[in-house]
Every structure is written in structure tokens, then in C-alpha cells.
Amino acid sequence: MSQFDRSGGVASDGERTDRIDGADAPAATPRTESRIPPSEVFSVLGNETRVEVLHALLELGGDESPVSFTDLFERVDATDSANFSYHLDQLTGHFVRRRDDGYEFRAPGRKVVSSIFTGTLTERAQLGFFPAEGSCHACGGDLHAWYVDDTLSIGCTDCGAIQVSYPFPAGALDGRSTDDLLEAFHHYVRHHYCLAADGVCPECTGTVETDLVRTPDEEGQEVAVEHACQRCSYDLRSTVGLLLLDDADVLRFHADRGVDLSSAPFWEFDWCVSDAATTVVSEDPLRVRLTVACDGDEMRVGVDESGTVVETDGPDLDAR
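In this text, all values refer to a predicted model and were calculated from it rather than measured experimentally. (Residues numbered from 1 in each chain as written. Predicted model: local features only at pLDDT ≥ 70, side-chain atom pairs only at ≥ 80, totals over all residues. Heavy atoms only, no water.)

1. Focus: the pairing of strand β11 (residues 235–238)
- Burial of β11 is two-sided: the residues D235 and R237 facing one way and the residues L236 and S238 facing the other way are all buried.
- Alignment of strand β10 (residues 223–229) against β11, held across four bridges, turns out to be antiparallel. Across the sheet, the residue bridging to E226 is R237, located in β11.
- Here β10 folds back onto β11 in antiparallel fashion, the turn holding five residues, of which S233 has a positive phi close to 70 degrees. (Buried < 20%, exposed > 50% of the residue type's maximum accessible area, 1.4 Å probe, protein only. Helix = DSSP H or I, 4+ residues; strand = E, 2+ residues; numbered from the N terminus. Pairing = 2+ DSSP bridges.)

So this is what it looks like as C-alpha cells:
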């Protein structure tokens, strides 16, 4: 149901393309700082002492207040102060900010530490089959989940249909029961889809363009939503239903019937994970209508080619 395609949005020479959907892109916000080449970034981080410095800065509260040179030096296993100062200087500017009273994180440095602790850069974990709430959208069978290759998947124990498969940092497995893990997974993935639907890239916070796609590659889907970041080429595809997880009318429709869509696992709703409730009502421009059922009632939601909700109709809702 989801995939990542890093091929779009970047020209062959590595420069960003400056046209979106055939039109001139809006002028970029002026930058006040230069950008470090990726090769230089990896070179700076490719040293154990520098990684220790970032770790020590975290332990000493460097994301809340500046930490002195002395405190950092005492925490890091450096041969001498001159050697330590050299490595600290390599981090200063992009990863660490120097203040009059010490050193503190800049956002990229904090991100590096977060990636290490989530296991994104350093861990490989696997978790065998365990039960998951809900039933299969294809056959009604029971569901189970598994974790392998940094991805958590939920599928049917009977027919094998996949409800959802999405990258999930290995750090999420630490200290959680399988029930807690699935709850965290729901919030993590839901947050990503809602961010993308709102035009914000979950990876780099760049601008996301959203379009409906006819006859996508995903088996069993006739129409899908494609979110494409114009900055980092992050590409996320989903069913149309996942666009509605944060729609006010859809949330209210379920809340009036005792269902909290913000906490109920989204893979329990067929309209979220399959095309069963989606009908194509127009080909050019592409437009679809979803029939969302809850507690014996139904609402209908129209979505246009840009993924925008343009029509809602149902019990207790003012049609638009």
C-alpha cells in the first residue's frame, strides 16, 4: 500500500528541477546560509570521536542549554584537549552551535543523534508473526503482523492480503509489548500520511504535491494517491481513503458513532486499506467518491484529482 521512489524530482546532474507539473515553480525562499555537500557531511560524521561528542552533548542537555567545553571534554574519550578541540570544531557550524557559554545542538546534529538512537543508522531487527487487531479487507480473515528489513507489515493469516506495509525505525521495538508496538505504528504512519496530505514532506518538511493516479502498480487497486516531495523526491503512495483520516467531516461522522479515528488502528477500516469503497466518477479530470460506513450508517466523500475533498454527504452532515 505504500512505497518509496527516490527517482523523481532531481535532474541527472543532481540539481533540483525548477518546474512542477509543467509550470514554473514559485520562487524559492532566499537562503542566508550555504549548503554543505553530502560527501562533506558524511566525511564530518565518519569519525568515532565526533559521534561521541554529539552523544555527550545529548547526555549533558545540549538541546536545552549550552554545554561548556570542559564538560564535553571530560565526557568524551579524547587523547588530549587539542585533539578534542579539532573534532569539536569540525562539528561546529552545521551540527553544533558555539555560544558564549558553551555549545548546543543545531537541528542537523540533533537529527543525527536521533537517527542513531532510533536505530535508523545502526540497527537491524526482526520480529516474527504476532496477532494484530482487525480483519482482512479481502476475505475477513484474522490479521497478523511482522517486522523485517526495517518495515512493519500487517497481513491476513488466511489469504495473505497485505493491509499495510511501512518503514518503521527499529528503536520502536525497545521496551514495547506487541500491542504497544502496533499502537505506536498506527500513530507514526497516520502522522506521515496526514502530513503528506497537508503538503508537508514527512522526511524533509519540503513541499508535497498530491495527485490521484489511475491504475497504479499496486495489485488490486484501480486508483491511488501519490504524494511527491518537490525537494527530496520522497514518494508515498496510498489508497484514497487514507486522505480522509484527518478530514473534519469524516472524523465527526465517526465520533458521533463512538469511533475515534485518531486512535483506532486505520487498517481496521476497509475504506482506508482497499479500493472496495472507492468509485471513479470522472476520468478527465479524475475524480472519485468514497462510501464510508460506520455503525450501520454511510457518508459519501468526493475527492478531486489533486486529492482535495470537494463533496461530503451523509447523516448529520450538511451536504457540500
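2. Digging into helix α6 (residues 178–197)
- Taking 1.5 Å per residue as the helical rise, α6 with its 20 residues ought to reach 28 Å, and the 28 Å between its terminal C-alpha atoms agrees with that figure.
- For α6, the complete set of buried residues consists of L181, L182, A184, F185, H186, V189, R190, H192, Y193, C194 and A196.
- Directly after α6, the chain includes G199, whose backbone phi takes a positive value near 90 degrees. (Expected span 1.5 Å × (residues − 1).)

3. Considerations on the pairing of β10
- Within β10, six of the seven residues are buried, which leaves it mostly tucked inside the rest of the structure.
- When strand β9 (residues 208–214) meets β10, the two strands line up antiparallel, connected through seven bridges. What sits directly across from V213, in β10, is A224.

4. Here's the deal with unusual backbone geometry
- Residue D284 is joined to P285 through a cis peptide bond whose omega torsion reads 5 degrees.
- Here P285 shows up in the loop between β12 (278–283) and β13 (286–294).
- Residues other than glycine seldom take positive phi values, yet D150 does so here, at roughly 60 degrees.
- Judged by relative accessible area, which is 32%, D150 ranks as partly exposed.
- Within the chain, T205 stands out as a residue other than glycine whose phi angle is a positive 65 degrees.
- Using a relative accessible area of 61% as the deciding quantity, one classes T205 as exposed.

5. Some thoughts on the sheet that holds β13
- Taking strand neighbours across the sheet as the criterion, the four strands line up as β12-β13-β14-β15 in an open arrangement whose pairing is antiparallel. In the strand order of this sheet, the two ends are held by β12 and β15 (309–313), each with one partner. Geometrically, the sheet is characterised by an average inter-axis angle of 20 degrees between neighbouring strands, direction not taken into account.
- Examined bridge by bridge, β12 and β13 share five bridges and lie antiparallel to one another. The residue of β13 that forms the bridge with T278 is L290. (Axes fitted to C-alpha atoms, helices over the stretch in contact; angles between N-to-C directions.)

6. Some words on the pattern of salt bridges
- All told, the structure shown has 13 salt bridges when counted by the stated rule.
- Residues R110 and D63 are paired through a salt bridge, measuring 3.0 Å at the closest nitrogen-oxygen approach. Pair noted here: R110 is in helix α5 (residues 107–118) and D63 is in the loop between α2 (48–59) and α3 (69–75), with a separation of 47 residues, a long-range link.
- Its relative accessible area of 28% is what places R110 among the partly exposed residues.
- One connected set of salt bridges, linked through shared partners, spans R97, R99 and E104. (Salt bridge = Lys/Arg side-chain N within 4 Å of Asp/Glu carboxyl O.)

7. Observations regarding a negative patch on the surface
- Taken together, E133, D179, D180 and E183 make up a surface patch of like negative charges.
- With three residues, α6 is the largest single contributor of residues to the negative patch.
- Along the chain, D179 turns up in helix α6.
- Taking relative accessible area as the criterion, D179 reaches 56% and is therefore assigned exposed. (Patch = residues over 30% accessible without salt bridge, like charges linked within 9 Å, V, L, I, M, F, W, Y side chains within 5 Å. Areas by Shrake-Rupley, 256 points an atom, 1.4 Å probe, with all protein chains shown as cover. Lys, Arg positive; Asp, Glu negative; His and termini not counted. Charge placed at Lys NZ, Arg CZ, Asp CG, Glu CD.)

8. Remarks on the sheet that holds β10
- Taken in spatial order, the three strands make up an open sheet running β9-β10-β11, and their pairing is antiparallel. Since the sheet does not close on itself, it has two edges, and those belong to β9 and β11, each with one partner. Averaged over neighbouring strand pairs, the angle between their axes works out to 20 degrees when direction is ignored.
- In the packing of α6 onto the sheet, contacts are made with β9, β10 and β11, and the angle to β11 comes to roughly 105 degrees. (Contact = heavy atoms within 4.5 Å.)

Distances and angles like these do not, on their own, reveal function.
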